[in-house]
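Given next are the chains, with one letter for each unit.
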Amino acid sequence: QVQLVESGGGLVQAGGSLRLSCAASGAFFSISAMNWYRQVPGKQRELVATINNSGGSTNYADSVQGRFTISRDNAKNTVYLQMNSLKPEDTAVYYCNAKFRLLKDYEYWGQGTQVTVSS
């Protein structure tokens, strides 16, 4: 059974920082592209950051470029999202996502962690 468990969300003032973690179970982690999404009620889920299986390639949404950093530790089966200079508009539920291909495409989601940035 593949599981993704996020942690690290919470309440922070504007300008502050948070670090989200996503711990993955299963042997798939090292072959997965890992992604962080976020969602605000009433809006579509938004891709925030992505990292390839080796960690050598990352991409960010324009809205977080220069403020957020995605990284991974394949030895710990964990992906991180370091969020700096947080803004109230970063308030959302953040979800960890794993995608990999093994004869067919697989995709898994975590349960989400709430990030609230106060002004």
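Anything mentioned here points back to the structure above.
Residues numbered from 1 in each chain as written. Predicted model: local features only at pLDDT ≥ 70, side-chain atom pairs only at ≥ 80, totals over all residues. Heavy atoms only, no water.

A. View of the pairing of strand 10 (residues 104-109). Here strand 9 (residues 92-102) runs beside strand 10; their pairing, made up of six bridges, is antiparallel. In the sheet register, Leu102 faces strand 10, and the bridge partner there is Lys104. (Pairing = 2+ DSSP bridges. Helix = DSSP H or I, 4+ residues; strand = E, 2+ residues; numbered from the N terminus.)

B. Representation of the packing of aromatic side chains in the model. Using the criterion set out here, one finds six aromatic pairs in the structure. An angle of 20° between the planes, with centres 6.2 Å apart, marks the rings of Phe100 and Tyr108 as stacked. Taken together, the ring pairs connect Phe28, Phe100, Tyr106 and Tyr108 into an aromatic cluster. A cation sits over an aromatic face here: Arg45 above Tyr95, 3.7 Å from the ring centre. (Phe/Tyr/Trp six-rings, centres within 6.5 Å; stacked < 30°, edge-to-face > 60°. Lys NZ or Arg CZ within 6 Å of the ring centre and 35° of its normal.)

C. A look at the side chain of Asn35. With respect to the helices, strands and loops of the structure, Asn35 is situated in strand 4 (residues 33-39). Assessed through its relative accessible area of 5%, Asn35 is described here as buried. Within the structure, Asn35 has its side chain in polar contact with the side chain of Thr50 (distance 2.4 Å). A polar atom in the side chain of Asn35 sits 2.8 Å from the side chain of Asn97. (Buried < 20%, exposed > 50% of the residue type's maximum accessible area, 1.4 Å probe, protein only. Polar contact = N/O pair within 3.5 Å; in protein donor to acceptor, adjacent residues only side chain to side chain.)

D. Fine view of the state of the cysteines. Per the stated rule, a full pass over the model turns up one disulfide. Residue Cys22 pairs covalently with Cys96 via a disulfide, S to S 2.1 Å. Disulfide Cys22-Cys96: the torsion about the S-S bond is -80°, which places it as left-handed. Of the two residues, Cys22 is situated in strand 3 (residues 18-24) and Cys96 in strand 9; the sequence distance between them amounts to 74 residues. Taken as a pair, Cys22 and Cys96 share a single burial class, namely buried. (Disulfide = S-S within 2.5 Å.)

E. Structural view of the pattern of salt bridges. Using the criterion set out here, one finds five salt bridges in the structure. Salt-bridge contacts for Lys99 lead to Glu107; the nearest nitrogen and oxygen are separated by 3.7 Å. Lys99 gets classed as partly exposed once you look at its relative accessible area, which sits at 34%. We note a salt bridge from Arg101 to Asp105, for which the minimum N-O separation is 2.6 Å. Taken as a pair, Arg101 and Asp105 share a single burial class, namely exposed. (Salt bridge = Lys/Arg side-chain N within 4 Å of Asp/Glu carboxyl O.)

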